[in-house]
Amino acid sequence: MPGPALEEIRAARERVREVATVTPMEESRFLTDLLAHPVHLKAENLQRTGSYKIRGAYNRISQLSPEEKARGVVAASAGNHAQGVALAARELGIHATIYMPIGAALPKLEATSGYGAEVVLHGTVFDETLLAALEFAERTGAVMIPPYDHPDVVAGQGTLAFEILDQVPDVENVVVPVGGGGLISGVASAFAQLAPELGREVRIIGVQAANAASYPPSLAAGEPVSITTAPTISDGIAVGRPGSLNFEIIRRTVDEIVTVTDDETAAALVVLLERTKLVVEPAGAVGVAAAITGKLAVTGPTVFLLSGGNIDPMVMERIVSRGLAASGRYLIVGIPLPDRPGQLATIADLIADANANVVEVLHTRHGNGLQITEVEIEIHMETRGPTHAEHVLDQLRAAGYRPRVGG
């Protein structure tokens, strides 16, 4: 086993107890019915700092020598790792300097600063931020705390395996979000080494955002490879290259890695809000996204690890709207109309007769392909799902209109 030994993960659990809470394990009837097997949600979104990151950060920082602690710690992060390092350092009485990219979300920046860290904004892309943090470490002697590629960090994240077993002793599958690989490598390493004690193997499934899925090509190549990531709402797991240590653990202990799109993740976030009343950031919802889109084949009790809940309310508003649209519950249509009185009223009557609810109406005379005698209206409406949305469109078409989905 290339990662931490089971004894190290057990020791990490004792250290992590000093700062991390034992987060709830929630049953999900909705997902249980969907998968036809018992489903539980490990709510690390309710952890201190809003994510599991405090576990690995505290385990790493608490083991520094007195001389290293005196020099302080430094990290580069746009979010959860920053907050984990900041709180861990504060609890241990150590000065922390956190480099964050210019334009980092204000709630995350304020939270990191609120935990007592010195925040330095540098770079417009994360690589520039990371380079500045490394240069600071070299210049000052501060200890760099990596987000995933270190045995102490992996051991700290692996403490979740013991909590999962305490709360769901008969667990057979654990579904874990994957970025650089720190969380899943810790959990998978622990379960692999616990198999003889348990008398069974627990299946570990990783889920990545499709726009930042570095593990499938790396596993195919047999070594970590760098990819060019595309923008994704799951920014917490948008990592272009697996950690070297993490890759070796995952290659040996993880059973499967699947990917999900942003639309699928947005729909999962809405499901979690409505069905479980849990606020989860997109990166933490990718496992549930894989479940509701039929990308997981599991039998027996299954735990989904909700890795974090740090989401900007303004971003959340946009993602919820996208999730509703992806699930067919928010329909946007553009409709060209003759430029004469009464047309909007007719359209409104048709939509009302179809039992949809109009949320917003936009009006323009300058749409592409419009004739001089035409206007276009864009209507945003709430529907009850894909079947109902198609019924609304059919009603409009039957009346002679040409609705264009998406505005």
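Heads up: the structure comes first, above all this text.
Since the model is a prediction, treat every value here as computed from it, not as a measurement. (Residues numbered from 1 in each chain as written. Predicted model: local features only at pLDDT ≥ 70, side-chain atom pairs only at ≥ 80, totals over all residues. Heavy atoms only, no water.)

K.L.:
Would you mind going over the overall build of the protein chain with me for this structure?
P.N.:
For the protein chain, the count of helices and strands is 16 helices and 14 strands. Over its C-alpha atoms the protein chain spans a radius of gyration of 24 Å, differing by no more than 12% from the 22 Å that the globule rule assigns to 407 residues. With the principal axes as the frame, the protein chain shows a C-alpha extent of 80 × 50 × 40 Å. Looking at the protein chain as a whole, 54% of its 407 residues are labelled buried. In the protein chain, once contacts between residues fewer than 6 apart in sequence are set aside, the share between residues at least 24 apart is 73%. Accessible surface computed for the protein chain: about 17500 Å², of which carbon and sulfur atoms make up 51%. Between the mean site of the 32 positive side-chain charges and the mean site of the 47 negative ones, the protein chain shows a separation of 1 Å. (Helix = DSSP H or I, 4+ residues; strand = E, 2+ residues; numbered from the N terminus. Rg over C-alpha atoms; globule rule 2.2 N^0.38 Å. Buried < 20%, exposed > 50% of the residue type's maximum accessible area, 1.4 Å probe, protein only. Contact = heavy atoms within 4.5 Å. Areas by Shrake-Rupley, 256 points an atom, 1.4 Å probe, with all protein chains shown as cover. Lys, Arg positive; Asp, Glu negative; His and termini not counted. Charge placed at Lys NZ, Arg CZ, Asp CG, Glu CD.)

K.L.:
Please explain the sheet that holds strand β10 (residues 302-306) as it appears in this structure.
P.N.:
Neighbouring strands of a sheet are bound in pairs by backbone hydrogen bonds; such pairs are parallel or else antiparallel. What the six strands build is an open sheet, ordered β1-β2-β10-β7-β8-β9; its pairing is mixed. Looking at which strands have only one partner, the edges of the open sheet turn out to be β1 (25-27) and β9 (256-260). Taking each pair of neighbouring strands and ignoring which way they run, the sheet shows an average axis angle of 25°. With five bridges connecting them, strand β8 (residues 203-209) and β9 associate as parallel partners. Of the residues in β9, the one forming a bridge with Ile205 is Glu256. Its contacts with the sheet put helix α8 (residues 151-167) on β1, β2 (39-43), β7 (173-177) and β10, and the angle it makes with β2 is roughly 135°. (Pairing = 2+ DSSP bridges. Axes fitted to C-alpha atoms, helices over the stretch in contact; angles between N-to-C directions.)

K.L.:
Sorry, what's going on with the sheet that holds strand β6 (residues 143-144) here?
P.N.:
The strand order across the open sheet built from four strands is β5-β4-β3-β6, with neighbouring strands paired in parallel fashion. The open sheet terminates on both sides in strands that have one partner only, identified here as β5 (118-121) and β6. Both strand β3 (residues 73-76) and β6 contribute to a ladder of two bridges, which runs parallel. Across the sheet, residue Val74 finds its bridge partner in β6, namely Met144. Against the sheet, helix α7 (residues 126-140) makes contact with β3, β4 (96-100) and β6, and its axis sits at roughly 165° relative to β3, the strand it touches most.

K.L.:
Looking at this structure, I do not really get the pairing of β8. What am I missing?
P.N.:
Each regular strand carries side chains that alternate between the two faces of the sheet. Within β8, six of the seven residues are buried, which leaves it mostly tucked inside the rest of the structure. In terms of strand pairing, β7 meets β8 through five bridges, oriented parallel. Pairing of Val174 across the sheet is with Ile204, part of β8. Remark: the β7/helix α9 (residues 182-198)/β8 crossover connection has right-handed handedness. (Right-handed = clockwise from strand over helix to strand, strands pointing away.)

K.L.:
Looking at this structure, how should I read the pattern of salt bridges?
P.N.:
Should the charged atoms of two oppositely charged side chains come close, the side chains can pair. Within this structure, the stated rule accounts for 18 salt bridges. With its nearest N and O atoms 3.2 Å apart, the salt bridge here joins Glu14 to Arg17. Under the relative-accessibility criterion, Arg17 is labelled partly exposed at 48%. Among the salt bridges present, the one from Glu91 reaches Arg90, with a minimum N-O distance of 3.3 Å. Of the residues examined, Arg90 reaches a relative accessible area of 42% and is grouped as partly exposed. Here the residues in one salt-bridge network are Lys42, Glu44, Arg55 and Glu163, joined through shared partners. (Salt bridge = Lys/Arg side-chain N within 4 Å of Asp/Glu carboxyl O.)

K.L.:
Help me understand the packing of aromatic side chains, please; the structure alone is not making it clear to me.
P.N.:
Any two aromatic rings considered together are summarised by their centre-to-centre distance and by the angle between their planes. One pass over the structure, following the stated rule, counts two aromatic pairs. Here Tyr99 and Phe136 contribute two aromatic rings whose centre-to-centre distance is 5.7 Å and whose plane-to-plane angle is 55°, an arrangement assigned as tilted. Here the residue Tyr99 occupies a position in strand β4, and Phe136 occupies one in helix α7, the gap between them amounting to 37 residues. A relative accessible area of 16% means that Phe136 is categorised as buried. Both rings, one in Tyr215 and one in Phe247, keep their centres 6.5 Å apart while their planes meet at 20°; by these two values the pair is stacked. (Phe/Tyr/Trp six-rings, centres within 6.5 Å; stacked < 30°, edge-to-face > 60°.)

On their own, these measurements won't tell you what the molecule is for.
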